Protein chains: 2
Amino acid sequence: MGSMFLLEEKERNTVKQCCFASMYKRVDGQVMKRLEEIVEGRIICDPERMRDYAGDEFADPSIRKIPEVVVQPKSTEEISQILKLANLEKIPVTPRGGGTGLCGGCIPLYGGVVLSLEEMNSVLEIDKENMMAVVEAGLTLTDFYGKVEEAQLFFPPHPGEEGAQFGGLVNTNASGARAVKYGGIRNYIKGLEVVLPQGEIVTTGGKYMKQSSGYSLLNLIIGSEGTLGVVTKVVINLLPKPQAMYTLIVPYDSLDRAIETVPEIRNKVIPMAVEFIEHDVIPPTEELLGKNWPIKAKAYLMIIVDGASDEEVFSVFETIGDICLKHGAAIKSVDELSIADTPKRQRDVLEIRSNIYSAIKKGLIEILDITVPPAKIAQYVSRVHEISEKHSMWLPNYGHAGDGNVHTHIMKVGITDGKLDEIEIEGWKDKYPVVRAELHEAAKRFGGMVSGEHGIGLVKMEYLPKFIDSIQIKLMKGIKRLFDPNNVLNPGKIF
Amino acid sequence: MGSMFLLEEKERNTVKQCCFASMYKRVDGQVMKRLEEIVEGRIICDPERMRDYAGDEFADPSIRKIPEVVVQPKSTEEISQILKLANLEKIPVTPRGGGTGLCGGCIPLYGGVVLSLEEMNSVLEIDKENMMAVVEAGLTLTDFYGKVEEAQLFFPPHPGEEGAQFGGLVNTNASGARAVKYGGIRNYIKGLEVVLPQGEIVTTGGKYMKQSSGYSLLNLIIGSEGTLGVVTKVVINLLPKPQAMYTLIVPYDSLDRAIETVPEIRNKVIPMAVEFIEHDVIPPTEELLGKNWPIKAKAYLMIIVDGASDEEVFSVFETIGDICLKHGAAIKSVDELSIADTPKRQRDVLEIRSNIYSAIKKGLIEILDITVPPAKIAQYVSRVHEISEKHSMWLPNYGHAGDGNVHTHIMKVGITDGKLDEIEIEGWKDKYPVVRAELHEAAKRFGGMVSGEHGIGLVKMEYLPKFIDSIQIKLMKGIKRLFDPNNVLNPGKIF
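Okay, the overall build of chain A next. Each helix and strand counted, chain A has 16 helices and 20 strands in total. For 495 residues, the compact-globule formula gives about 23 Å, and the C-alpha radius of gyration of chain A, at 23 Å, lands near that figure. Taking the principal axes of its C-alpha atoms as reference, chain A extends roughly 75 × 60 × 45 Å. Expressed as a percentage of its 495 residues, the buried residues of chain A come to 64%. Residue pairs at least 24 apart in sequence account for 74% of intrachain contacts in chain A once pairs closer than 6 positions are excluded. Surface summary for chain A: the accessible area is close to 18200 Å², and the carbon and sulfur share equals 49%. Computing the positive centroid from 57 side-chain charges and the negative centroid from 68, chain A places the two 4 Å apart.

Residues and elements named next belong to chain A. Within the open sheet, the 4 strands sit side by side as β1-β2-β4-β3. Their pairing is mixed. Looking at the sheet topology across the chains shown, the edges are occupied by β1 (43-44) and β3 (93-96). Strand direction decides the pairing type here: β3 and strand β4 (residues 113-116), joined by 4 bridges, are parallel. Note that in β4 the partner of P95 across the bridge is L115.

Residues and elements named next belong to chain B. With respect to the helices and strands, A174 occurs in the loop between α6 (166-171) and α7 (179-182). C-alpha of A174 to C-alpha of G160: the two residues are 14 residues apart in sequence and 9.6 Å apart in space. Setting aside its immediate chain neighbours within four residues, A174 contacts P159, L169, G184, I185 and E453.

At the junction of the two partners, chain A supplies 78 residues and chain B supplies 78 residues. When the two sides are added together, the surface that chain A and chain B hide from each other amounts to roughly 6200 Å², 61% of it contributed by carbon and sulfur. Connecting chain A to chain B are 4 salt bridges. A salt bridge links B:D403 to A:K210; the nearest nitrogen and oxygen atoms lie 3.2 Å apart. If you look at where chain A meets chain B, you find 26 residue pairs in polar contact (both at pLDDT 80 or more). Taken together, the elements giving at least two residues each to the side of chain A that touches chain B come down to β9 (201-205), α8 (217-221), β11 (239-240), α9 (255-268) and α16 (470-483) of chain A. In terms of residue count, the dominant contributor to the side of chain A that touches chain B is α16(A) (9 residues). Partitioned by chemical class, the residues of the side of chain A that touches chain B number 33 nonpolar, 30 polar and 15 charged.

This part covers helix α14 (residues 428-445) of chain A. All names here are of chain A. Taking 1.5 Å per residue, 18 residues should reach 26 Å; α14 reaches 25 Å between its end C-alpha atoms and fits that length. What α14 keeps buried is the set W428, Y432, P433, V435, R436, A437, E438, L439, H440, A442 and A443. Downstream of α14 by one or two residues, G447 has phi in the positive range, about 75°.

Before going further, it helps to examine the relation of the copies chain A and chain B. Superposition of chain A onto chain B requires a rotation of 180° combined with a translation of 0.0 Å along the rotation axis, giving an RMSD of 0.0 Å. When the rotation and shift are considered jointly, the pair of chain copies conforms to a two-fold rotation axis. The residues that chain A uses at the interface reappear at the interface of chain B in 100% of cases, marking a shared surface.

Our next topic: unusual backbone geometry. With phi around 55°, A:E225 is a residue other than glycine that occupies positive phi space. Positionally, A:E225 belongs in the loop between α8 and β10 (230-237). Taking the relative accessible area as the measure of exposure, A:E225 reaches 7% and is therefore buried. You will see that B:Q152, though not glycine, has its phi angle at about 60°, which is positive.

Strand pairing in a sheet is mediated by backbone hydrogen bonds. Such pairs are either parallel or antiparallel. Residue and element names in this part refer to chain A. With respect to topology, 5 strands assemble into an open sheet ordered β5-β6-β10-β8-β9, the strand pairing being antiparallel. Both outer strands of the open sheet, β5 (123-127) and β9, are each paired with one neighbouring strand and no more. Each strand of the sheet is rotated relative to its neighbour by a mean of 10°, with strand direction disregarded. Of the strand pairs in this sheet, strand β8 (residues 189-195) and β10 are connected by 6 bridges, and their pairing is antiparallel. Paired with E193 across the strands is K233, a residue of β10.

A word on a negative patch on the surface. All names here are of chain A. Together, E318, D322, D335 and E336 give the surface a local cluster of negative charge. Within the secondary structure, E318 is located in helix α11 (residues 310-326). We classify E318 as exposed; its relative accessible area is 51%.

Attention now moves to helix α2 (residues 29-38) of chain B. Residues and elements named next belong to chain B. Within the sequence span of α2, burial applies to V31, M32, L35 and I38. Taken end-on, α2 shows its buried residues confined to a sector of 120°, consistent with a single buried face. The outward face of α2, more than 90 degrees from its buried face, is lined by the exposed residues G29, Q30 and K33. E40, located one to two residues past α2, shows a positive phi value of around 50°.

What follows deals with the pattern of salt bridges. As enumerated under the stated definition, the model contains 60 salt bridges over all chains in all. Taking the shortest distance from any N to any O, the salt bridge between A:K210 and B:E453 comes out at 2.8 Å. Within this pair, whereas A:K210 is found in the loop between β9 and α8, its partner B:E453 is found in the loop between α15 (428-445) and α16 (464-467), the two belonging to separate chains. Considered together, A:K210 and B:E453 belong to a single accessibility category, that of buried residues. What you see here is one network of salt bridges that share partners, running through A:K291, A:K344, A:D348 and A:E351.

What follows is about the state of the cysteines. All names here are of chain B. What the rule picks out here adds up to 0 disulfides over all chains. Unpaired in this structure, C45 has its nearest cysteine sulfur neighbour in C106, at a distance of 19 Å. The class of C45 is partly exposed, set by a relative accessible area of 39%. Unpaired in this structure, C106 has its nearest cysteine sulfur neighbour in C103, at a distance of 9.2 Å. C106 gets classed as buried once you look at its relative accessible area, which sits at 9%.

Here the domain parsing of chain A yields domain 1 (2-117 + 478-483), domain 2 (123-240) and domain 3 (244-445). The C-alpha-based centres of domain 1 of chain A and domain 3 of chain A are spaced at 36 Å.

Our next topic: the pairing of strand β5 (residues 123-127) of chain B. All names here are of chain B. Strand direction decides the pairing type here: β5 and strand β6 (residues 132-136), joined by 4 bridges, are antiparallel. In the strand pairing of β6, E125 is matched with V134. The antiparallel pairing of β5 with β6 creates a hairpin that spans 4 residues between the two strands, and M131 there sits at a positive phi of about 55°.

Attention now moves to the side chain of A:E438. Residues and elements named next belong to chain A. Examined against the element boundaries, E438 turns out to sit in helix α14. Residue classification places E438 among the buried positions, given a relative accessible area of 12%. Among residues more than four places away in sequence, those in contact with E438 are R383, I387, K390 and H391.

Contact geometry for α16(A) and helix α17 (residues 470-483) of chain B: axes closest at 10 Å, N-to-C directions at 145°. For α16(A) against α17(B), the interelement crossing comes out right-handed. Between α16(A) and α17(B), the residues in contact are A:L475, A:G478, A:I479, A:L482 and A:F483 and B:L475, B:G478, B:I479, B:L482 and B:F483, respectively. Broken down by class, the residue content of the contact of α16(A) with α17(B) amounts to 8 nonpolar, 2 polar and no charged.

What counts, and where the lines are drawn
Residues numbered from 1 in each chain as written. Chains lettered and ligands numbered in written order. Predicted model: local features only at pLDDT ≥ 70, side-chain atom pairs only at ≥ 80, totals over all residues. Heavy atoms only, no water. Helix = DSSP H or I, 4+ residues; strand = E, 2+ residues; numbered from the N terminus. Rg over C-alpha atoms; globule rule 2.2 N^0.38 Å. Buried < 20%, exposed > 50% of the residue type's maximum accessible area, 1.4 Å probe, protein only. Contact = heavy atoms within 4.5 Å. Areas by Shrake-Rupley, 256 points an atom, 1.4 Å probe, with all protein chains shown as cover. Lys, Arg positive; Asp, Glu negative; His and termini not counted. Charge placed at Lys NZ, Arg CZ, Asp CG, Glu CD. Pairing = 2+ DSSP bridges. Buried area = accessible area lost by both parts, 1.4 Å probe. Salt bridge = Lys/Arg side-chain N within 4 Å of Asp/Glu carboxyl O. Polar contact = N/O pair within 3.5 Å; in protein donor to acceptor, adjacent residues only side chain to side chain. Nonpolar A, V, L, I, M, F, W, Y, C, P; charged D, E, K, R; others polar. Expected span 1.5 Å × (residues − 1). Least-squares fit on C-alpha atoms with pLDDT ≥ 70 in both. Axes fitted to C-alpha atoms, helices over the stretch in contact; angles between N-to-C directions. Patch = residues over 30% accessible without salt bridge, like charges linked within 9 Å, V, L, I, M, F, W, Y side chains within 5 Å. Arc of directions from axis to C-beta. Disulfide = S-S within 2.5 Å. Domains from an automatic or database assignment. Left-handed = near helix turned anticlockwise from the far one by under 90°.

In structure tokens, the structure reads:
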């Protein structure tokens, strides 16, 4: 059944691509000249250099596509002019941020123009009085964290990849591990400047905290994957910096037991993050980074707690420790718990957690982003293990145990003695769609959703209609038509 | 200028009402019979009894309108059938929750059917493992708080009026005082069952914490004031119950000084709520309730802090106390601070704060819901005082100093010795539109928005286009047409 889905999907995509392709014009010499004028020469047409703009971090390079031209606008006004031209000439425009996406959302499927936001990367303002930052959409998380730190303030969301840019973060409603306490990026986005697909520049929201003034176009654009407008500026709500923040690693002999601990923790306290990790993926990451994970067991919970003082955090750790012991953690007493209590130790464990993806990527087919009700993770992961065994495929899991977002990895290699095998498993190309379908069926059965934080992009389009009914998809398509009647902005994505 | 706006608006409304009215059919005998069958007799057609369904808490009763019929469905399926019938017969349907709104959002402007959710008021589930509740849309806040308390969990948002029902709370993106730390209700709504205007039943979201799977119809419906669908079920994320929660009242000799304290507090700690109150409105409320406000000064900050222990909360109060002293609070030392440290004392001060509106309502023309960047409150309130003086109108302010949402009250009476005057001020009917326009102009100048938590409804429609550009309003209207091509659901609201 799974492989049938995939075949159908491939066919459908080919057909769709042809139909669409005939709708669009090629970027001819005249359009190229006009684009060059608009962006004052910040244009790339060399196919070799355009390779860098052909895809994102999705593992399979065959989905990448080299655009006809890349432009690097420096202002909202330039973007507006580009989109007006694109509508006039019927040329597709694909906005691009850091290219750190995981499902092909920024791939220029029908060629045309890639609109890279990389030159619009300033922090325009850190407004301490209002606890708001105003940034350009091309700003990376790394650069933003630096400025926020300088101002002694705090931006809670922490999606793993710090090369991500704000335009992309907003457009995928990115969240990451700290969502358990602080929620996703949606909670912090208070205003947006957006260039609509036909070139109009609008501002929605502002430096105020609450709004109930007409439909929330702000919240409609958050998570719309660059299909409803090009986000150019972002107003971000900041918090005071927590005085203390520590990371706890709790070892377990079984992943199930680790995960089963989580609901009781969440009933009692609010950690910033509760991650679960199977040991399998640790050694390749240790090797990649030349760093050591502090303990060894079959599985771990990694729990981050912040608070107003060390005492407060340690007292929360005691509560958590007792709960973990009760649920069979592989420790004899709470005193044995491994706390990353120096900034360096914390950085090390967080770096290992953040780099698992890089460490196993070369053997990866696809990273899933399934989200289930938090208390259903244990059942979902058991089912992953069954599917893994049934198809003899390595399907390592790690993810956000605190919020139900599980990143199952479909691998084309196995692992032996902590090293990824060199040889691909036999028949993985046939197994992949079957395994993928079975995993998504499990997610659906447990009341979950296809994507928690990565988005649908190109790669997960097949699965959206299996989770969301056709009426809602019809409404989404209607909204897209309303915003973008000529379908020039990031066409062929989501649905 | 102000009065011109109002005249234009009145004319426009009359014209609009006529045009629309001709679009709709009256509820005739046959339709009435069909409705009666659908809701199994839970129907009201007696004009006297229908008075209770004619309006909301907006002060001016002249905007109320008695519908042709009120239905009290008991299931989502019944609502679906009612809407299908309404589309077939071209009859307007106005959904109604607790009727606690403040801007006429539930007024059946063109007659037709009022769809009251009051019979759908169950807590369907408190799911402790997933920290989620599932409730019917007609459930009141009071009933919900009770159930959540029983489960030893916590629902942070606290809009003042506990008679509000969840359908209305979702549809206005209600928030209240605790938004400073916890954000508005949007942050807690994880799933909705909605009957779309043409009768289709859809579910968006679920018991999962994060979602990035297509456009967020969930977040589009939140705050849409019953114009895009009838919300029937709500999935609500809950938190563990804070172990300690206390309320601090800080007296000031001047409101300006009180408000100027707030940005520094917010830079250092995260209180649950920071309210500002001018003393004027306290005596009438004390009298209404027969309760005493603990201290006397010209103005107050009321600060609520929660945490894991008493020590934690009191240590935050010390930090806050020092900041208040530095900014000229009317106390000699931090020890003098008035802390509502017993549950009874806390209930009393919160009850006084919550009942200010009731206490001054008989002299009220309109309560505004302007929201400005938090650090601009002092300037906005100064401007309110100027406008008050200029027009000799009492314009008491109180509201959410921590988040910038100021409820300025336009009064048709003054106050003498703590009692509302019996005699209305001369010429208030002419002054009102001028004052109203000047207050909104000030809000706009300070980068604010017309409504933070009450919504636009009928009453604030005039002001939406002064804050939001015509392109965005056109998009909102397009979305409305997409969802509700026959314009049967709560027509004539927002835009």
